[in-house]
Every structure is written in C-alpha cells, then in structure tokens.
Amino acid sequence: MSKLRQTAAYLAIALTAACENRYAIRFDSGTTAEQMELVRERAERWNQVTDSKHRYTFDQKRGGLLFTFVPILILSDGKEYGGRACNTKDLPDCAKAHWIRVSLALLLENPEKFKKAILHELGHGLNLKHTTDPNGVMKSGSMQQTIQESDKEECRRVGSCL
C-alpha cells in the first residue's frame, strides 16, 4: 500500500471515530416509536444533571451507543437481568461497540420496572456504577424513577456530571 493510500485510510478511520458520538443513541430497526419515546424521556432526565460533554442525543447514522430492546431476559454470569449496558472496553463483547439492551419481557411483567430499567441502564451508559442507596436509580433492583442525590454523586465521581 502506498504511503498516500495508507494515510488516507488512517484519516478515514479517524474521521469515522470523530463523527461517532459516544452519547448519541441510535436504535435498531425493530424499535417502535413508543419505545424510542420512553428512552428519550429517560435520557432527558439524565441530561438535566450531566455536563455538556455527557448529554444524550439521538443520531441514527452516527450514534455511538446502540439501544436495543430484546424479547427475553438477558442471561449473564448465570443470572437473569432486565437490562445490560456495555460501556467499557474491558468486556470482550464491548471492545468494538457500546450498547444498551433492555428486555421487553419486563414490559409484560411490570411496565414500571421496564421504565426503571431504561433509566438505570442509561446511567450505566454514562459509566455510573451501582450505588448502595436503596432509593437511588443506580441501586440494583430499585424501582426509583427519579434521579436521587446519591445518583448525582456517583455521576460526579465518574466525571459525567457537574
């Protein structure tokens, strides 16, 4: 490969990466308008507390975070989850892409739990870990729909919030 072609190839890769916003959400083709709106509503809750570099946007073509609804509960490490987020390159299936998956089975089981799972997984998309506050959105298993001070503290700790 000539030096010019090699330079052009590296430039194309760099431009693609630069155009792909890590916090721009794109949806898979099977996502309904109602499901997209649920995600948008919950993303806006996080946008109210995050700094400008960590705000969720929606861009079907350049979104760096794929939001997918899957039909069944998600199995990982022998446990069932209502949702999973892949936001770190440390996990083998996260090395090339960032994604959030939420189970549609939760919608049938408990619509409020389904909405909470979306909000919780979006928190993971901002690199937040689980908290111990039983009333926090980021407490595993919590049914909280309002972002609490403990969630904001975790968000500030990881550098995603003011």
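Residues numbered from 1 in each chain as written. Predicted model: local features only at pLDDT ≥ 70, side-chain atom pairs only at ≥ 80, totals over all residues. Heavy atoms only, no water.

Asks: Describe the overall build of the chain, naming the residues involved and giving the relevant values.
Replies: A tally of regular secondary structure across the chain gives five helices and seven strands. Listing the helices and strands of the chain from first to last along the sequence gives α-β-α-β-β-β-β-β-β-α-α-α. For the chain, the proportion of contacts with a sequence separation of at least 24, taken over those separated by at least 6, is 61%. Carbon and sulfur atoms make up 54% of the accessible area of the chain, which totals about 9,600 Å². (Helix = DSSP H or I, 4+ residues; strand = E, 2+ residues; numbered from the N terminus. Contact = heavy atoms within 4.5 Å. Areas by Shrake-Rupley, 256 points an atom, 1.4 Å probe, with all protein chains shown as cover.)

Asks: Explain the pattern of salt bridges to me, using residue names and the numbers behind them.
Replies: Counted under the stated rule, the structure contains six salt bridges. For Glu154, the salt bridge is made with Arg157, and the minimal N-O distance between the two is 2.8 Å. Of this pair, Glu154 and Arg157 both sit in helix α5 (residues 149-157), three residues apart, which is roughly one turn of the helix. What makes Glu154 buried here is its relative accessible area of 9%. (Salt bridge = Lys/Arg side-chain N within 4 Å of Asp/Glu carboxyl O. Buried < 20%, exposed > 50% of the residue type's maximum accessible area, 1.4 Å probe, protein only.)

Asks: An account of the packing of aromatic side chains is needed here, citing residue identities and associated values.
Replies: Per the counting criterion, the structure on display carries five aromatic pairs. The interplanar angle of 70° and the centroid separation of 6.2 Å between the aromatic rings of Tyr23 and Tyr56 together place this pair among those described as edge-to-face. Remark: Tyr56 occurs in the loop between α2 (33-47) and β2 (57-58) and Tyr23 occurs in strand β1 (residues 21-27); sequence separation between them is 33 residues. Judged by relative accessible area, which is 8%, Tyr23 ranks as buried. The class for Tyr56 is buried, based on a relative accessible area of 4%. Between Phe27 and Phe67 the ring centres are 6.2 Å apart and the planes differ by 55°, which places this aromatic pair in the tilted class. Of this pair, Phe27 sits in strand β1 while Phe67 sits in strand β3 (residues 63-70), and the two are 40 residues apart along the sequence. Exposure class is identical for Phe27 and Phe67. Each is buried. Members of the aromatic cluster, connected to one another through ring pairs, are Phe27, Phe58, Phe67, Phe69 and Phe114. (Phe/Tyr/Trp six-rings, centres within 6.5 Å; stacked < 30°, edge-to-face > 60°.)

Asks: Account for the environment of Arg62, with residues named and values stated.
Replies: Summarising the element assignment, Arg62 is placed in the loop between β2 and β3. A sequence separation of 40 residues divides Arg62 from Arg22, and the C-alpha atoms of the two residues are 9.1 Å apart.

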